[in-house]
Protein chains: 2
Amino acid sequence: MSRAPDDPPAPPAKGDLHAMVTTLSHVARRAGVGQSTVSRVLRNHGSVSQATREKILKAAADLHYVPNRIAGTLASMTSKLVGIVIPSVGNTVVPEVLAGVNAVLEDAGFQPVIGVSNYDPQREEMLIESILSWRPSGLLVAGLEHTERARGMLKGCGVRVVEMLDIDGAGVDMVVGTSHHAAGRASAQYLLGRGYRRIGYVGHDIRSDLRAGKRLEGFRQVMAEQGLVILDHEFSPHRGSSVEGGKIGVAALLDRRKDLDAIYFSNDDLAIGGYFHCVENGISIPGQLALFGYNGLDIARLTPQPLSTIRSPRIAMGKSAAELLLAGGPAQVVDMAFELIPGATS
Amino acid sequence: MSRAPDDPPAPPAKGDLHAMVTTLSHVARRAGVGQSTVSRVLRNHGSVSQATREKILKAAADLHYVPNRIAGTLASMTSKLVGIVIPSVGNTVVPEVLAGVNAVLEDAGFQPVIGVSNYDPQREEMLIESILSWRPSGLLVAGLEHTERARGMLKGCGVRVVEMLDIDGAGVDMVVGTSHHAAGRASAQYLLGRGYRRIGYVGHDIRSDLRAGKRLEGFRQVMAEQGLVILDHEFSPHRGSSVEGGKIGVAALLDRRKDLDAIYFSNDDLAIGGYFHCVENGISIPGQLALFGYNGLDIARLTPQPLSTIRSPRIAMGKSAAELLLAGGPAQVVDMAFELIPGATS
DNA sequence: ATTCAGGATGGCAGCGCTGCCAACAGCCAA
DNA sequence: TTGGCTGTTGGCAGCGCTGCCATCCTGAAT
């Protein structure tokens, strides 16, 4: 006998991390059966007589047995973990995508393991490695742009990968998102179609939020096709989005260019800030100035004048991404349509 | 020899989940050393000569080796996983707390494993069990109210637990949060102090969001001490918070009671909705009607009239909770002070 | 020269579970 | 009665890594 005859079920629990807990063999002994049988019952997999099943279930309950999935995962070589890499948790977009993802994962019995990159590619690379070391069954990553090593890991890790939010670029495996370039184009077409010509831009850091950059690029492209340019722009100093940045940005922009007839914002948060600035300063909307955002946030349609914006299907995107990941299937790109909301600010 | 002489490093990766990947022994063989030595180098633990160290690091890089922490965790009986159970990801509060938590955890090399209960105690119970099965080093749970079995698991799981957000009640182990009861009292004292007497309430479902219920209770208590009551109330049908709920709620409330001089909201989202309703309908604030929220959201201080509200230290709370969890220490309750923001709507 | 502390390494037994196989009923058809 | 056969069950070898111990090799001390 290589092991001592094993102590009683579970000592009260040691003070330090990861204390000694009840194991499968405790349950097996208590129920008077073999370990394999307990395993079969607990996973509901394989045939076991009703009597034994009940005996085992009772023993497990008595001992407050909680299976050790670390061991299970190692033994079976298939985990119920899904890695998720996102750029931030602060803004409104990501939590909604996560909600969609989570709904699907939980129904399928998967646990998300999350990493937040703060829009830093190096940090993202580390996170991907770190998450892969938990041997997840799949990986959900925001965006298409990664360091070369990160792409290499995503390609070679042996599990399926879904890149979310964006479809403008080459994906590693599966891709679910919207075209930000097309959204920018649609925004410009809409504003130009309504007769606006003297347009400014207020955005946040497009070097870190590449999707905002793609929208701006699409927007500029359409303007250029009409021989127009964005007359002036202002970048919010804040990392990520913020209502305050929009408020300050619009103030600064209008200070320099009093002749603008419309402002395109990199997102709704900034646009709402701009809207508040106008309300406070008696700038009539859309008479004097039109505003156009991006995201289609709930709050943006509930302001006294609903914001003109583009709604991205965030929850649906999260759901699709998770479903695709779990389903497997061939590498593909899913283009989730966005919706232009005319609103009342343009 | 019990195993075949082992295939080359790593076949291109099979199509199915969890493919064959490079292992420690591959690296060891490639570097011409023993497994223990590789393990020592990779964990930077124990003494290894510089030459061997470099040889091993090179071999690991060549093979794109990613350690298997599932195996490592099982062997060492200590995981770098922290479980997190939250009621939702949709609203603004939780993501900010998570951001604080995450900042601390990542610096310490921990990965969060997240579960979302949707304010459902049964679901929370299942989640706790499910997350415990990953044998985390600690658990962060939102709120103090859990099913009896859930409390039992939290107490007996052998790892440290921090309950976040709320301190009004008995905790299982460590507790970090604010007193919602006190926040409600402070709100009422403030409004009564400013002379408001005819007060209504607009809230969301306080049966699922118990913290909102505690605020209301504190608020009512102070009013009762002055011989006053909340004249009328309206509950948003939406699960959780929503600007729209506030807008509709205020409309309905004012429709019934035109004589209110102030409205207390269960949170800022609802209050902002109420604010928008008033702006749209020419109700002057705070002259005709005062508004008071809870949370201290960024957007609430940027509206043309900054909202009167109470700011909870969300990021700091997340950080403290995570730090306390990792530090260990004795069971204790940390009361994070909130701040009453007078604003301009009362 | 001999001894010895200590650095540098490899070997090996598990961690708790799963997957596979063997073993052993009962049970019906031949 | 003799085979299969299906339904149940236990045994046992790993999964990839870590922790501990044994071993070997230096250089310094005696």
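Residues numbered from 1 in each chain as written. Chains lettered and ligands numbered in written order. Predicted model: local features only at pLDDT ≥ 70, side-chain atom pairs only at ≥ 80, totals over all residues.

## Thoughts on unusual backbone geometry
All names here are of chain A.
Point 1. The peptide bond linking Ile285 to Pro286 adopts the cis configuration, its omega dihedral lying at 0°.
Point 2. Its place among the elements puts Pro286 in the loop between helix 11 (268-280) and strand 9 (290-292).
Point 3. Look at Asn118: it is not a glycine, yet its phi comes out positive at around 55°.
Point 4. Residue class for Asn118 comes out partly exposed when judged on the 19 C-beta atoms lying within 10 Å of it. (Helix = DSSP H or I, 4+ residues; strand = E, 2+ residues; numbered from the N terminus. Buried ≥ 20, exposed ≤ 12 C-beta atoms within 10 Å, placed from the backbone.)

## A look at the protein's contact with DNA strand C
Point 1. Near DNA strand C lie 28 residues; those nearest to it are Leu24 and Ala75 of chain A together with Gly34, Ser36 and Ser47 of chain B.
Point 2. Elements represented by at least two residues in the surface near DNA strand C include exactly helix 1 (24-31), helix 2 (35-43) and helix 4 (69-76) of chain A together with helix 2 (35-43) and helix 4 (69-76) of chain B.
Point 3. Counted by class, the surface near DNA strand C contains nine nonpolar, 17 polar and two charged residues. (Near = placed C-beta within 6 Å. Nonpolar A, V, L, I, M, F, W, Y, C, P; charged D, E, K, R; others polar.)

## What about the interface of chain A and chain B?
Point 1. Counting residues at the interface gives 55 residues for chain A and 55 residues for chain B.
Point 2. For the side of chain A that touches chain B, the secondary-structure elements that each account for two or more residues are helix 4, helix 5 (93-107), strand 2 (111-116), helix 6 (121-132), helix 10 (243-256) and helix 11 of chain A.
Point 3. A breakdown of the residues in the side of chain A that touches chain B according to their chemical character gives 28 nonpolar, 18 polar and nine charged. (Contact = placed C-beta atoms within 7 Å.)

## With respect to the nonpolar core
Point 1. Leu140, Met164 and Ala321 of chain A together with Leu140, Met164 and Ala321 of chain B are the most contacted members of the largest nonpolar core, which totals 108 residues.
Point 2. What Met164 of chain B contacts, discounting residues up to four positions off in sequence, is Val97, Leu140, Val141, Ala142, Val176, Gly177, Met317 and Ala321 of chain B.
Point 3. Core analysis: the second largest hydrophobic core is formed by 76 residues, Ile263 of chain A together with Val202, Leu216 and Tyr275 of chain B among them. (Core = buried A, V, L, I, M, F, W, Y, C linked by C-beta atoms within 7 Å.)

## Thoughts on the protein's contact with DNA strand D
Point 1. Near DNA strand D lie 27 residues; those nearest to it are Gly34 and Ser36 of chain A together with Leu24, Ser39 and Ala75 of chain B.
Point 2. Mapped by element, the contributors of at least two residues to the surface near DNA strand D are helix 2 and helix 4 of chain A together with helix 1 (24-31), helix 2 and helix 4 of chain B.
Point 3. Across the surface near DNA strand D, the residue classes tally to nine nonpolar, 17 polar and one charged.

## Examining the domain arrangement of chain A
Residues and elements named next belong to chain A.
Point 1. By the assigned domains, chain A splits into domain 1 (1-67), domain 2 (79-178 + 315-338) and domain 3 (180-313).
Point 2. Look at where the C-alpha atoms of domain 2 and domain 3 centre, and you get two points 28 Å apart.
Point 3. Taken together, the 17 residues of domain 2 in the interface contact 16 residues of domain 3.
Point 4. Among the elements of the structure, strand 4 (160-166) and helix 12 (314-327) are those that each provide at least two residues to the side of domain 2 that touches domain 3.
Point 5. With three residues, the single largest contributor to the side of domain 2 that touches domain 3 is helix 12.
Point 6. Residue classes in the side of domain 2 that touches domain 3 are distributed as eight nonpolar, six polar and three charged. (Domains from an automatic or database assignment.)

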